[in-house]
Amino acid sequence: MINVAIMGYGTVGSGVYEVLCSNADVIAKRVGEEINVKYVLDLREFPGDPVEKVLVHDVNTILDDPEVRIVVEVMGGLKPAYDFVKSALLKGKSVTTSNKELVAKYGAELIKLAKEKSVSFLFEASVGGGIPIIRPLLTSVTSDRIEEISGILNGTTNYILTAMSEEGADYDTVLKQAQDLGYAERNPEADVEGYDACRKIAILTSLALGSQVDFEDIYTEGITAIDGNDIAYAKALGGRIKLLGLSKMNGDKVYCMVAPFMVPSDQPLYAVNGVFNGIFVKGNMVGDLMFYGSGAGKLPTASAVVGDVVEAAKNIGTTVPIEWSEEKTELAPMKEFTCRFFVRVKEDEQAVRKVFSDIEPVKAEGVSEEFAFLTGEISEGEFDEKISGLTLIHSIRSYF
């Protein structure tokens, strides 16, 4: 029997407990022995809940028990999660987590510590909820040079943008709807400003490169400036607006960002709608791969966490290898990144053509008193320089 402790009994933590208890027989067959939840750590009481019989309030009960071999951290945030996880690893316990903030900030350090202690630090659920993406990157495409990772990594923003497109509602109305349905927090800043997606693309890029990418270095832009006219233009182009986490590896240069993009119907991420997530990976040998599924939610995320518990249990006494060094990767300057831009300005076409020689006008039904166009392929720096001579209403990067 392998004893497990769960730190945190919120949405994901209760899901992990449910999966480990409900699927105990299946999990035991996969591992080769029983997985037993010995403790659940939380400050709160849960009268009448089956978890009462294993509930503890002091983390040292878990840390000081040599029978606990695997710790599941699902508290979220950096404090006290980082201290608890580090202490568990130092005590020779494997750790699995869904905590993207923790992994993005301290992933390389904790992987190194786990290796030193011959235990594992696993974090499949930190990116994409229930979507298996980290293990495929580590095991299935290890012979490839990853050239691009682009993904819809946040279900809240994808729900908002999908509803704006399909229902014709404005941003504020859809955000309130998302909050009422439980898809958005009362304070949605981490989602709508792109911070959540930023940490996730930092993790994926670090794994693809095998070295540290600091999320603080990643250009991040959210969806709060998207309005109904942007949506109308996207429809006129036969596309949709998606908030993407994007990494492109071009020779020895790595570009990384989070920003809204105009996505055409032939791009794989176009069809990822609602609260679902999708992650596109391009390898230099395997070509294009697409991962799709529930990016959040109690049981999908819990399923991914428990998958890591199974992996750690099958490797007791050894380390599940993950290549992610503490050596920092310096990202290429954003001003050098090239793409097309969708642009709305107050000037007319004639004035625009004096500034941009290569444009494709775009018209949308019901939109007037402005001129919209797609640029040709252009660097961020050149675009910023040129657009400064016009009265910009809004611009969005484009896959068209």
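Further up the page is the structure itself.
Cut-off values and rules
Residues numbered from 1 in each chain as written. Predicted model: local features only at pLDDT ≥ 70, side-chain atom pairs only at ≥ 80, totals over all residues. Heavy atoms only, no water. Core = buried A, V, L, I, M, F, W, Y, C linked by side-chain atoms within 4.5 Å. Buried < 20%, exposed > 50% of the residue type's maximum accessible area, 1.4 Å probe, protein only. Contact = heavy atoms within 4.5 Å. Phe/Tyr/Trp six-rings, centres within 6.5 Å; stacked < 30°, edge-to-face > 60°. Helix = DSSP H or I, 4+ residues; strand = E, 2+ residues; numbered from the N terminus. Pairing = 2+ DSSP bridges. Salt bridge = Lys/Arg side-chain N within 4 Å of Asp/Glu carboxyl O. Axes fitted to C-alpha atoms, helices over the stretch in contact; angles between N-to-C directions. Left-handed = near helix turned anticlockwise from the far one by under 90°.

**Student:** Go over the nonpolar core with me, naming the residues and quoting the values.
**Tutor:** Note on soluble globular proteins: their nonpolar side chains tend to be buried together. Counting residues in each nonpolar core, the largest one holds 116 residues, and the members touching the most others are Phe 121, Phe 123 and Ile 160. Among all residues touching Phe 123, those that are not within four sequence positions of it are Thr 97, Val 103, Ile 111, Ile 134, Ile 203, Leu 207, Asp 308, Ile 322 and Trp 324. With 28 residues, the next largest nonpolar core counts Leu 246, Phe 261, Met 334 and Val 352 among its residues.

**Student:** Can you tell me about the packing of aromatic side chains, naming the residues and giving the values?
**Tutor:** Two measures describe an aromatic ring pair: the distance that separates the ring centres and the angle between the ring planes. Going through the model one piece at a time under the given rule, you end up with 14 aromatic pairs. Seen from their ring centres, Phe 356 and Phe 373 are 5.5 Å apart, and the 55° between their planes marks the pair as tilted. Of this pair, Phe 356 sits in the loop between helix 13 (349–353) and strand 16 (359–362) while Phe 373 sits in strand 17 (residues 371–375), placing them 17 residues apart in sequence. Here the two residues Phe 356 and Phe 373 agree in accessibility, since each one is buried.

**Student:** Before we move on, could you go through unusual backbone geometry and cite the residues and values that matter?
**Tutor:** Trans peptide bonds make up the majority, and among non-glycine residues the majority have a negative phi. Here Lys 79 and Pro 80 are connected by a cis peptide whose omega angle stands at 5°. With a phi close to 55°, Ser 118 is a non-glycine residue in the positive phi region. Assignment of secondary structure puts Ser 118 in the loop between helix 5 (100–116) and strand 6 (121–122). A relative accessible area of 36% means that Ser 118 is categorised as partly exposed. For Glu 369, which is not glycine, the phi dihedral falls at a positive 60°.

**Student:** Could you give me a rundown of the pairing of strand 13 (residues 287–294), with the residues and numbers involved?
**Tutor:** Where strand 12 (residues 276–283) and strand 13 come together, 8 bridges link them in antiparallel fashion. Each residue of the ladder has a partner; that of Ile 279, found in strand 13, is Phe 291. Where strand 12 folds back on strand 13, the antiparallel hairpin that results is connected by 3 residues.

**Student:** Now, about the sheet that holds strand 1 (residues 2–7): what can you tell me, with residues and values included?
**Tutor:** Here we have 6 strands laid out as an open sheet, ordered 3-2-1-4-5-6, and parallel in their pairing. At either margin of the open sheet sits one strand with a lone partner, and together these are strand 3 (55–56) and strand 6. Bridging between strand 1 and strand 4 (residues 68–73) involves 5 bridges; their strand directions are parallel. Across the sheet, Met 7 pairs through a bridge with Glu 73, a residue of strand 4.

**Student:** Could you give me a rundown of the environment of Gly 92, with the residues and numbers involved?
**Tutor:** As for its placement among the helices and strands, Gly 92 is situated in the loop between helix 4 (81–90) and strand 5 (94–97). Take Gly 92: its relative accessible area is 30%, and that puts it in the partly exposed class. A sequence separation of 103 residues divides Gly 92 from Tyr 195, and the C-alpha atoms of the two residues are 32 Å apart.

**Student:** Explain the pattern of salt bridges to me, and be specific about the residues and the numbers.
**Tutor:** On inspection of all chains with the given rule, the structure shows 24 salt bridges. Where Asp 196 meets Lys 200, a salt bridge forms, and the shortest distance between an N and an O atom there is 2.9 Å. With Asp 196 and Lys 200 both in helix 10 (residues 195–209), this residue pair falls 4 residues apart, about one helical turn. Classification of Lys 200 as buried rests on a relative accessible area of 7%. The salt bridge involving Glu 380 is made with Arg 397; its shortest N-O contact spans 2.6 Å. Of this pair, Glu 380 sits in helix 14 (residues 380–387) while Arg 397 sits in strand 19 (residues 392–398), and the two are 17 residues apart along the sequence.

**Student:** For the packing of helix 2 (residues 24–31) against helix 12 (residues 298–313), give the residues involved together with the corresponding values.
**Tutor:** Where helix 2 contacts helix 12, the axes come no closer than 9 Å and their chain directions differ by 35°. Classified by chirality, the crossing of helix 12 by helix 2 is right-handed. The residues of helix 12 that touch helix 2, namely those facing Ile 27, Arg 30 and Val 31, are Val 306, Val 310 and Ala 313.

**Student:** Got a sec to walk through the environment of Val 95? Specific residues and values, please.
**Tutor:** With respect to the helices and strands, the residue Val 95 is situated in strand 5. Residue class for Val 95 comes out buried when judged on its relative accessible area of 1%. Sequence-wise, Val 95 and Phe 123 are 28 residues apart; in three dimensions their C-alpha atoms are separated by 8.5 Å. Setting aside chain neighbours within four positions, we find Val 95 in contact with Val 71, Val 85, Ala 88, Leu 89, Ser 120, Phe 121 and Leu 122.

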